[in-house]
Amino acid sequence: SWSADTSDTGRTRAVVKRRECEGMREEEEARSRAGMAAQHETVGAAGCVEALDNDARRNAGGQQAYATARALKFRELLDKPHLDLEMLRALAWNGVPNQYRPCCWRILSGYVPVNAQRREAVLARKRQEYADMLPEYYHETHKVRSMDETATMHQISIDVPRTAPGVRFLRDNDRIQEMLRRVLYIRALRTPASGYVQGINDLVTPFIIVFLSEFFAEPIEEWDIKTLSEEQLTIAEADAYWCLSRLLDGIQDHYTPAQPGIQEKVLLLEDIVRRIDEPLATHLEQQGVEYLQFAFRWVNCLLLRELPFPVCVLRVWDTYLAEGPRFCDYLVYVCASLLVHWSDTLRRMDFQGIILFLQRLPTTDWTEQDVEIVLSRAHMWSILFDRAKSHFNSPRK
């Protein structure tokens, strides 16, 4: 399971370590947009390195050199007999190269150990454990499903075809949809406290795509499932199940009855926005906009439906997983950063325009660089406001 030093000292140490490891984070642009120039002055020499690096990355040669250098860092780290988890989090926070993403996500999720010698044995055992669940929970040749189980399967069967409708590989493959149904149904039966809730179907898709990517050299638009063996498909399915389970274990109150975890996060989002952009918060209030009207889905689906899939979604999830146990709190700041990004536009709209806009954000053409600005701004606010949580409103009943 996730573990980390979440004290103020621990967080400060983690921030310093990230800068030492990377020196390349694109916080310059985020600070500029957020009006945080004063904070940049405190970075000192590290900030100069970041600024120089940003200049270098503006040309193709600089981008290629940057990508190559980062890939080498990941390779060197993953080759160590006992991997430094905090170092991996520091590197992954800024994005994981495609070829190392499956391995990194397994480790960051807590699915496999940092000890390289034990990794393959754990993978083999967990994959077999999942394979043993299929006849017990899914095929169920030895018993008839209960009414609750039948209702759960019915709802999953309705939701799966609607999952990531813009991704042809997920939408048009019966075998992939069967993978989704099995993962979701088995997870629901094994966690009766939460069961299956609409939105969880979206959360499994990044894991499915990432673990299938190990078997393809082409971009997702060119994937052909017919080239994969049943063994390869089952491996990806098992890994997706265990990583989804690890993720949901940390946010289980998001999906228990009445979903109190989401309600609390939306209230916290409202408080944060009022402190970072009072004119926007006031305008939303004057127009009668309730944050639950748009932010419930944001939190429920971890913003997966608001960003282009898979490019931007996978980049954001690199950072989610790198945050470790703080991911759930950090998500609220990402939501705040995304909302404030369109502050000027929203303040010119009435109620109907605001709701329609926030339900279909114009992010279709976004790239990784766009989401990195949102993530970096969210990171700064999380560091600033986490030290003053007592000033936030207590969750309202």
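Provided above is the structure to which this section pertains.
In this text the structure is predicted, and so the values were computed from the model without any measurement.

1. Some points on the overall build of the protein chain
Each helix and strand counted, the protein chain has 21 helices and zero strands in total. Carbon together with sulfur atoms contributes 51% to the accessible area of the protein chain, which is approximately 18100 Å² in total.

2. What about the packing of helix 17 (residues 311-323) against helix 18 (residues 327-341)?
Packing of helix 17 against helix 18 leaves a shortest axis separation of 8 Å and a crossing angle of 140 degrees. Relative to helix 18, the element helix 17 lies oblique. Here helix 17 and helix 18 pass one another in a crossing that is right-handed. In contact with Thr319, Tyr320 and Glu323 of helix 17, helix 18 contributes Phe327, Tyr330 and Leu331. Looking at the contact of helix 17 with helix 18 residue by residue, the classes come out as four nonpolar, one polar and one charged.

3. Considering the nonpolar core
Among the nonpolar cores identified, the biggest contains 120 residues, and Phe169, Phe207, Trp317 and Leu339 are the most heavily contacted of them. Apart from residues lying up to four places away in sequence, Phe207 is in contact with Trp105, Ser109, Ala240, Cys243, Leu244, Leu247, Trp317 and Leu321.

4. Some points on unusual backbone geometry
Looking along the chain, the bond that leaves Phe309 and enters Pro310 is cis, with omega of 5 degrees. Residue position: Pro310 is located in the loop between helix 16 (292-300) and helix 17. At Gln259, a residue that is not glycine, the phi angle is positive and equals roughly 50 degrees. With respect to the helices, strands and loops of the structure, Gln259 is situated in the loop between helix 13 (230-249) and helix 14 (260-276).

5. Considering the environment of Asp202
Looking at the element boundaries, Asp202 is found in helix 12 (residues 200-212). Residues Asp202 and Arg305, spaced 103 residues apart in sequence, show a C-alpha to C-alpha distance of 7.9 Å. In this structure, Asp202 is in contact with Thr163, Ala164, Cys301, Leu304 and Arg305, ignoring residues within four places of it in sequence.

6. Regarding the pattern of salt bridges
Throughout the structure, instances matching the rule amount to 20 salt bridges. Two residues, Asp239 and Arg106, come together in a salt bridge whose shortest N-O distance is 3.0 Å. Of this pair, Asp239 sits in helix 13 while Arg106 sits in helix 7 (residues 101-108), and the two are 133 residues apart along the sequence. Exposure remark for Asp239: the relative accessible area of 0% places this residue in the buried category. Of the charged contacts, one joins Arg162 and Asp159 as a salt bridge, the two residues approaching to 3.9 Å between their closest N and O atoms. Judged by its relative accessible area of 56%, Arg162 falls in the exposed class. When its relative accessible area of 3% is taken as the criterion, Asp159 is described as buried. A single salt-bridge network, built from bridges that share partners, covers Arg106, Arg127, Glu214 and Asp239.

7. Some thoughts on the environment of Ile107
Within the secondary structure layout, Ile107 lies in helix 7. Separated by 136 residues in the primary sequence, Ile107 and Cys243 place their C-alpha atoms 9.5 Å from one another. Once residues within four sequence positions are removed from consideration, Ile107 is found in contact with Leu78, Leu83, Leu85, Leu88, Val112, Pro113, Val114 and Arg119.

8. Some points on the environment of Arg119
Here Arg119 lies in helix 8 (residues 116-139). Assessed through its relative accessible area of 9%, Arg119 is described here as buried. Distance in space between the C-alpha atoms of Arg119 and Ile107 is 9.2 Å, their sequence separation being twelve residues. Contacts of Arg119, omitting those with residues within four sequence positions, involve Leu78, Leu83, Cys103, Ile107, Val112, Pro113 and Val114.

9. Focus: the packing of aromatic side chains
Evaluation of the coordinates by the stated rule reveals 19 aromatic pairs. Relative to Phe216, the ring of Phe169 has its centre 6.2 Å away and its plane inclined at 85 degrees; by these criteria the two rings are edge-to-face. Highlighted residues: Phe169 in helix 10 (residues 168-171) and Phe216 in the loop between helix 12 and helix 13, separated in sequence by 47 residues. Using a relative accessible area of 2% as the deciding quantity, one classes Phe169 as buried. The exposure class of Phe216 is buried, given its relative accessible area of 10%. Geometrically, the ring pair formed by Tyr241 and Trp242 is edge-to-face, given 5.0 Å between the ring centres and 80 degrees between the ring planes. For the pair formed by Tyr241 and Trp242, the shared burial category is buried. Within the aromatic cluster, the residues linked to one another by ring pairs are Trp105, Phe207, Phe211, Trp317, Tyr320 and Phe327. Positioned above the aromatic ring of Trp242 is the side chain of Lys126, whose terminal nitrogen or guanidinium carbon lies 3.6 Å from the ring centre. The ring of Tyr185 has Arg145 lying over it, and the distance from NZ or CZ to the ring centre is 4.9 Å.

The rules behind each value
- Residues numbered from 1 in each chain as written.
- Predicted model: local features only at pLDDT ≥ 70, side-chain atom pairs only at ≥ 80, totals over all residues.
- Heavy atoms only, no water.
- Helix = DSSP H or I, 4+ residues; strand = E, 2+ residues; numbered from the N terminus.
- Areas by Shrake-Rupley, 256 points an atom, 1.4 Å probe, with all protein chains shown as cover.
- Axes fitted to C-alpha atoms, helices over the stretch in contact; angles between N-to-C directions.
- Parallel < 35°, antiparallel > 145°, perpendicular 65-115°, else oblique.
- Left-handed = near helix turned anticlockwise from the far one by under 90°.
- Contact = heavy atoms within 4.5 Å.
- Nonpolar A, V, L, I, M, F, W, Y, C, P; charged D, E, K, R; others polar.
- Core = buried A, V, L, I, M, F, W, Y, C linked by side-chain atoms within 4.5 Å.
- Buried < 20%, exposed > 50% of the residue type's maximum accessible area, 1.4 Å probe, protein only.
- Salt bridge = Lys/Arg side-chain N within 4 Å of Asp/Glu carboxyl O.
- Phe/Tyr/Trp six-rings, centres within 6.5 Å; stacked < 30°, edge-to-face > 60°.
- Lys NZ or Arg CZ within 6 Å of the ring centre and 35° of its normal.

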